[in-house]
Amino acid sequence: ALHTSLDNGARWVPAGATRAPGVLGIVTNAPGAAAGTLVDRRHTIEVSLLHAGMALADADPAALDRGANLAAVGNEVLQFGRALQTGPAQWRLSALRRALFGTAAEPIGSGSAFVLLDGNTVVSIPIDAAPGGVLRVMANGVGDDVPAETAQVLTGRSVLPPAPVRLDARIAEETLYCTWRRRSRSDWRWRDGVDAALIEERERYRLVITG
């Protein structure tokens, strides 16, 4: 059973139950940064899973397009097309699709957490709280002497509109023309000839010109 608390454990609110066991591990190397516009065939990620009973698998381009092999590695969300087992619980991930969902603001470091974001193992919990608060989550199973707990500071990242891309500016007849492409928090597919879906209450931008 899952419970959440926004007042440091003074009151716990039921949040349903856990799903199937997830695939978790630790990154044992520090891959370099890469853009999210191409498949990264230069870098690999070495992962040590928590035990030998956990496993990863390859995914072809069609499966990746459907969302297969999506993982949170440190603060970056990525996909991997190739998973090679190198030891009892050791895996090397390659053919990487990096910087998904507007992530990759920080490099992946050795010791970062690896979490396979499988829809059968992840529970989504709606939280009505402002950024800056601390969310505590408790999992209490049958036979547990002490429930498992974790805490996370709410950053507000999931509701922050990502910055536009492909910024361009030109001057014509003493007029400055600025153009860009918007991004969306809910529409991340690569589609030709179609703007990203707008899910915000209104479309507004802050434009800063210097120099």
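A closer look at the confidence of the model for the chain
Per-residue confidence for the chain averages 91 on the pLDDT scale, and 100% of its residues sit at or above 70. Taken element by element, the chain is modelled with least confidence in strand 12 (residues 165-172), mean pLDDT 92, and with most confidence in strand 5 (residues 45-49), mean pLDDT 98.

Brief notes about the environment of Ala-113
Its place among the elements puts Ala-113 in strand 9 (residues 113-116). With a relative accessible area of 42%, Ala-113 lands in the partly exposed category. With 43 residues separating them in the primary sequence, Ala-113 and Leu-70 have C-alpha atoms 14 Å apart. Dropping the residues within four chain positions of it, Ala-113 is found in contact with Gly-25, Ile-26, Ala-72, Val-73 and Gly-74.

Quick look at the sheet that holds strand 1 (residues 2-5)
Reading across from one edge, 2-1-10-11 is the order of the four strands in this open sheet, with antiparallel pairing throughout. One side of each edge strand has no neighbouring strand; the edge strands of this open sheet are strand 2 (13-14) and strand 11 (148-153). Pairing of strand 10 (residues 134-139) with strand 11 involves six bridges; the strand directions are antiparallel. Bridge pairing links Val-134 to Val-153 in strand 11.

Focus: the nonpolar core
The biggest cluster of nonpolar side chains holds 19 residues, and the ones touching the most others in it are Ile-45, Leu-49, Leu-56, Val-73, Phe-80, Leu-93 and Phe-114. Counting residues per element, the ones that place at least two in this core are strand 5, strand 6 (70-73), strand 7 (76-85), strand 8 (90-100) and strand 9.

Thoughts on the pattern of salt bridges
Under the definition given, this model contains seven salt bridges. With a closest N to O distance of 2.9 Å, Asp-40 and Arg-98 form a salt bridge. On the criterion of sequence distance, the pair formed by Asp-40 in strand 4 (residues 39-40) and Arg-98 in strand 8 is long-range, its members being 58 residues apart. When sorted by exposure, Asp-40 lands in the same class as Arg-98, which is buried. Among the ionic contacts, a cluster of salt bridges with common partners joins Asp-40, Glu-76 and Arg-98.

What counts and what doesn't
Residues numbered from 1 in each chain as written. Predicted model: local features only at pLDDT ≥ 70, side-chain atom pairs only at ≥ 80, totals over all residues. Heavy atoms only, no water. pLDDT = per-residue confidence, 0-100. Helix = DSSP H or I, 4+ residues; strand = E, 2+ residues; numbered from the N terminus. Buried < 20%, exposed > 50% of the residue type's maximum accessible area, 1.4 Å probe, protein only. Contact = heavy atoms within 4.5 Å. Pairing = 2+ DSSP bridges. Core = buried A, V, L, I, M, F, W, Y, C linked by side-chain atoms within 4.5 Å. Salt bridge = Lys/Arg side-chain N within 4 Å of Asp/Glu carboxyl O.

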